[in-house]
Amino acid sequence: MGELSRRGLLALVAAGATSTPHIEKAPDGGWNQFRPGERLRITGGETDGDGEPPASASKWDVYLGTTQTDNLLPFVSTQDGWRRHGLTTPSVNTGRIRGVADHVVRNDDELERAFKNLSAGETIRIDPKNAPYRTTSWLDVDADGVTVVGAGVPTLVKPADEANVGGIRIGHNSRCHDVTVRDVGYHGNTENQDDAAKKLHGIIVRDASNVVLRGNSVTRTHPYREHGDGGSGISVERGSQNVRVVDNRIREYGDRGIQLGGQNIFVSGNIVTEGTDRAIACDLWSPGGTNEVANTVIITSNIVGNSHQGSLTGIATGAPGASDDGAHVTITDNIGFGYHKSFCHVRGPGAVHNVTIRGNVSVHSTEGLRTNQTTKFAGVAIDPEKGGRNITVAGNKLVGYSRHGVNIQSPVSDFEVTNNILTEPAEVGIRIKWAENGRVDGNTVTSPGEDGILLDEAKAVSVRNNRVRGAVLPGITVEGGSGGGHELADNYLHQREDADPEVPGVLVGSSETVVSGNTIRQTGDVALLELRGASHNLYTNNRAVRDEGQAGSVRAARALRSDGSLWRIQSASAHVRDHTPAFDSHRGLTPSGGTLRVQFQKPYVRRPKLSFGRRGGGVESVRYRTNDAGAFVGATLSVSGDRPVDLFVESP
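Because the structure is predicted, anything quoted here is derived from the model rather than measured.

Concerning the overall build of the chain
Scanning the chain from terminus to terminus reveals four helices and 61 strands. The buried share of the chain, reckoned over its 652 residues, is 53%. Restricting to contacts in the chain with at least 6 residues of sequence separation, those with at least 24 account for 67%. Here the chain displays about 27500 Å² of accessible surface, and carbon together with sulfur accounts for 44% of that area.

Spelled out as C-alpha cells, the structure:
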C-alpha cells in the first residue's frame, strides 16, 4: 500500500471512532520515535488462518488486514510482534475523511455538488469506480487552497451529451490561489456537443495564482479541429500567475494543447500530440488579433508532435498595444516529431523580446498536415513584424525541415544562432533577413537544398566557426541591399561533389565585410565570388582546397588553377591579403621583346605593391595602367631576356 503520513493515519483511525491512547499521550515530536513530517510504513492484505498478519512486524509499522467479510483489522507493530489496534469497520472510504479528503465523490450529483459547495482548504477526491462522471455544468474552483484529486483514469470526467460545457475552471468567478488539480482525466465528448458551443477547454486557469496542474489527461476537446474558438487541453489565461503545468497527457485536442497567457509559468514533462494547432503556445490566439501573450515562461522536457495545422511551440503577438510585451520565454530540451509546421514559430504584428530556444530535438514530416497554402516550413522561424531583441536559437538538432533550418526574417537585434545541428533542410540552413547585431556561430549545416548560411539585407552579423557540407548553392552567401558590416571568419565549407562548377564556396554582395580565415573545400572553379556593387571589403588569410573527389574524369582533367583565379574579387576598394593559393598571382609569365604586360585580377584604388619570385633576366622598370576611374588595373614591365617571371600583386 506504500507510505502514509502520520496525519493520514490519525485521520484513518479517527474515521473509525477508535481511541488511541498511545498516540494521544505522545508529546510533540515523537510517537514511536517519529517526528512531525516523517512517514509511516503501511502495508496490508488478508489475515492468515489465526487472524494474524502474514507480514513481518519488524518490516512494517502498520498492517491493515481484511477478513473474508471485508472487515478492516488494523495492527500496530511492537517489540513483541503485531498488536491488534482495536478497530473493526466495513469501510473507511467515507464521504468525508478529515485531513485526507473533505469530499469523496462517487456519482454525478455528488461531483457537481462538491464543486458548488467548495470552501477554502478543502480536498475533493473522485472515486474511479463510477467513471466516467457525466457533467452538465463546468466544475468551478473559486476558493483558496483547494485540491482536486482524480485516480489517473483517462476518462474520469466526460460532459453529458449536449451539455455544452468543458472541464474544470479555476478562478472563473472570483480570484483564488494555492489550487492543485492532479490525476484527473477529461474527455470532451466533442461528438455530442452543439456546434455553436466554443472554447470548451479541459482545464482553464483564469484569475488565479500558485496553481499546480499535474498528471492530468485531456482529450477530444470541443470544438474539435477549429482554430481560435476550438477546445484546448489546458488554457492558462492572462490573469494567472505562478502556474505549474507538469506531467500531463494531452492528445486529440480541438485547438491548442497547452496555451498560455499569464505570467511566471512552468511547463514540463507533458506529452502533447495529435492536435489541431500548436502543442504548446505562449499566447491565447484570438480571431480578432488581440492575443494574450504570456510573460516569463519556461517550457522544458516536453514531448510534442503531430499538429495538423500548427507549429509545435511558439509565440504569436497580438496587435501592437493590445498586450504587454510577450517576453522572457525559454523553450528548452523538448522533443518534437511527426507532422507539423515549424518546431517553434515566433510571429505576429508586435515585438517579441528575450526568447531562448535551446537544446531541442525535432524531426519534420509534412505528411498529415492539413494546410491550404504551403507545406514549406522552417525548423525555427522568427518573424515578428515589429522585431524585438535578445533572441537566442542555440544547441538545437533539427532534421529534414521542408524549408529552412533556422529562419530569422524580422528586424530583430542582438540575436544569436549558435551550435545548432541542421540536417537536410530543403532550402537554406540558416537564413538571416533584416536583422542586425547578431552572431551565427558554431553551427553544423549538412546537405541544405540551397545556401548553407544566407545573410539578406542584414547588418553587423558575425558568422564564425560554422561547418557547412554539401550545399547546393554557396556555403555562405551575403547579399547586399541596405546591409553590410559583417564578419565571416573561421568557417569550414565543403561543397557537394556534383556542385555546379561556377557556384562559389562564399558569395559576397555586401560592403564593409571582413572575410577571414575560412577554409573552402571545393569541387568547382570558384572559391569566393564578390558581386558588383560590393565595396570596402577585407579578404584575408582564406584557404581554398581543391577536392576532386569523385567528380569525374572531365573535371579531373581540367587544369588546376593555382594562379589565384579561384578568388573572384571585383571591387577596386577591396583589400586582399595572404590567401592560399595567393590572389592576383601570375606565375611563369614570358616576356616578349623585353616587355611583359600584366592585367591585374581586380582594380586597385591605390597603387598595389608588386613582388616577384623568378625575375627573368631582371626587372628594369614598372609602369602602371589605370582605367577611366583612375583605378590601377595592370602594369607593363621592362624585363631583360626572355626567361619566366613570377609576379604577385598585393593590396596596399
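From this point, things continue past the structure.
Some thoughts on the pattern of salt bridges
Evaluated as defined, the whole model comprises 24 salt bridges. A salt bridge links Arg169 to Asp140, with the nearest nitrogen and oxygen atoms 2.7 Å apart. Of the two residues, Arg169 sits in strand 10 (residues 168-170) while Asp140 sits in strand 8 (residues 139-141), which places them 29 residues apart along the sequence. Each member of the pair, Arg169 together with Asp140, is buried. Note that Lys433 and Asp456 form a salt bridge whose closest N and O atoms lie 2.9 Å from each other. Linking Lys433 in strand 39 (residues 430-433) with Asp456 in strand 42 (residues 453-456), this pair joins segments that are 23 residues apart in sequence.

Thoughts on the sheet that holds strand 60 (residues 632-639)
Pairing is antiparallel in the open sheet, where three strands are placed in the order 57-60-59. At either end of the open sheet lies a strand with only one pairing partner, and these are strand 57 (595-604) and strand 59 (619-626). Mean inter-strand twist for the sheet, computed between neighbouring axes without regard to direction, equals 20°. Pairing between strand 57 and strand 60: six bridges, direction antiparallel. Paired with Thr595 across the strands is Ser638, a residue of strand 60.

Side note on the packing of aromatic side chains
Considering all chains together, one arrives at four aromatic pairs under this definition. Both rings, one in Tyr624 and one in Phe632, keep their centres 5.7 Å apart while their planes meet at 80°; by these two values the pair is edge-to-face. Here Tyr624 falls in the partly exposed class, since its relative accessible area comes to 23%. Each member of the aromatic cluster is reached from another via a ring pair, and the members are Phe600, Tyr604, Tyr624 and Phe632. Between Arg220 and the ring centre of Tyr224, over which it is positioned, the NZ or CZ distance is 4.1 Å. The cationic tip of Lys602 hangs over the ring face of Tyr604; the distance from NZ or CZ to the ring centre is 4.2 Å.

Some words on the pairing of strand 21 (residues 271-275)
Relative to strand 21, strand 18 (residues 249-251) runs parallel, the two sharing three bridges. Note that in strand 21 the partner of Arg249 across the bridge is Ile271.

Considerations on unusual backbone geometry
A cis amide bond, omega -10°, links His222 with the succeeding residue Pro223. In this structure, Pro581 follows Thr580 across a cis peptide bond, with omega equal to -10°. Phi angles above zero are rare outside glycine, and Asn164 is one such case at about 55°. On the secondary structure map, Asn164 appears in the loop between strand 9 (147-149) and strand 10. Using a relative accessible area of 25% as the deciding quantity, one classes Asn164 as partly exposed. Here the phi dihedral of Asn390 falls at roughly 60°; this positive angle occurs in a residue that is not glycine. Mapping Asn390 onto the fold places it in strand 34 (residues 388-394).

Notes on the pairing of strand 3 (residues 62-66)
Within strand 3, four of the five residues are buried, which leaves it mostly tucked inside the rest of the structure. Bridging between strand 3 and strand 4 (residues 72-78) involves five bridges; their strand directions are antiparallel. Paired with Thr66 across the bridge in strand 4 is Leu72.

Here we look at the nonpolar core
In this structure, Ile170, Phe415 and Ile432 are the most contacted members of the largest nonpolar core, which totals 112 residues. Grouped together as the second largest cluster of nonpolar side chains are seven residues, Trp138, Ala163, Val165 and Ala197 included.

Overview of the side chain of Asn306
With respect to the element layout, Asn306 can be found in strand 26 (residues 303-307). Here Tyr339 takes part through its backbone nitrogen, which lies 3.1 Å from a polar atom of the side chain of Asn306. What Asn306 contacts, discounting residues up to four positions off in sequence, is Thr273, Glu274, Gly275, Leu312, Phe337, Gly338 and Tyr339.

Brief notes about the sheet that holds strand 61 (residues 645-650)
In space, the three strands of this open sheet follow the order 56-61-58, with antiparallel pairing throughout. Both outer strands of the open sheet, strand 56 (585-589) and strand 58 (609-615), are each paired with one neighbouring strand and no more. Across the sheet, the mean angle from the axis of one strand to that of its neighbour is 15°, orientation sign disregarded. Pairing of strand 58 with strand 61 involves five bridges; the strand directions are antiparallel. Bridge pairing in strand 61 places Arg615 opposite Val645.

A look at the environment of Arg134
Its location among the elements puts Arg134 in the loop between strand 7 (123-126) and strand 8. According to the relative accessible area criterion, Arg134 is partly exposed, its value standing at 29%. Not counting chain neighbours up to four residues away, the residues in contact with Arg134 comprise Asp108, Glu112, Lys158, Pro159, Ala160, Asp161 and Asn189. At 3.1 Å, the side chain of Arg134 forms a polar contact with the backbone oxygen of Pro159. A distance of 3.2 Å separates a polar atom in the side chain of Arg134 from a polar atom in the side chain of Asp161.

A word on the confidence of the model for the chain
Per-chain confidence: the chain averages 87 in pLDDT, with 86% of residues scoring 70 or above. A low-confidence stretch, residues 1-8 stays under pLDDT 50, and its non-local contacts, those more than four residues away or across chains, total 20 contacts. Segment residues 13-34 is flagged for pLDDT under 50; beyond a separation of four residues in sequence, or across chains, it makes 25 contacts in the model.

What to know about helix 3 (residues 108-116)
Taken together, the buried positions of helix 3 are Leu111, Glu112, Ala114 and Phe115. The arc enclosing the buried residues of helix 3, seen along the axis, measures out at 155°, which places them on a common side. Seen from the buried face of helix 3, the exposed residues on the opposite side, beyond 90 degrees, are Asp109 and Lys116. At its buried positions, helix 3 is contacted by strand 6 (103-105), strand 7, strand 8 and strand 9. Of the residues that open helix 3, the one with a side-chain oxygen 3.1 Å from the backbone nitrogen of Asp109 is Asn107.

Considerations on the side chain of Asp456
The class for Asp456 is buried, based on a relative accessible area of 11%. Setting aside residues no more than four positions away along its own chain, Asp456 makes contact with Arg431, Ile432, Lys433, Trp434 and Glu479.

Comments concerning the environment of Ser268
Turning to its location among the elements, Ser268 is positioned in strand 20 (residues 263-268). The exposure class of Ser268 is buried, given its relative accessible area of 14%. As for Ser268 and Thr300, which are separated by 32 residues in sequence, their C-alpha atoms are 5.0 Å apart. Setting aside chain neighbours within four positions, we find Ser268 in contact with Val245, Val246, Asp247, Thr300, Ser301 and Asn302.

Cut-offs used in this document
Residues numbered from 1 in each chain as written. Predicted model: local features only at pLDDT ≥ 70, side-chain atom pairs only at ≥ 80, totals over all residues. Heavy atoms only, no water. Helix = DSSP H or I, 4+ residues; strand = E, 2+ residues; numbered from the N terminus. Buried < 20%, exposed > 50% of the residue type's maximum accessible area, 1.4 Å probe, protein only. Contact = heavy atoms within 4.5 Å. Areas by Shrake-Rupley, 256 points an atom, 1.4 Å probe, with all protein chains shown as cover. Salt bridge = Lys/Arg side-chain N within 4 Å of Asp/Glu carboxyl O. Pairing = 2+ DSSP bridges. Axes fitted to C-alpha atoms, helices over the stretch in contact; angles between N-to-C directions. Phe/Tyr/Trp six-rings, centres within 6.5 Å; stacked < 30°, edge-to-face > 60°. Lys NZ or Arg CZ within 6 Å of the ring centre and 35° of its normal. Core = buried A, V, L, I, M, F, W, Y, C linked by side-chain atoms within 4.5 Å. Polar contact = N/O pair within 3.5 Å; in protein donor to acceptor, adjacent residues only side chain to side chain. pLDDT = per-residue confidence, 0-100. Arc of directions from axis to C-beta.

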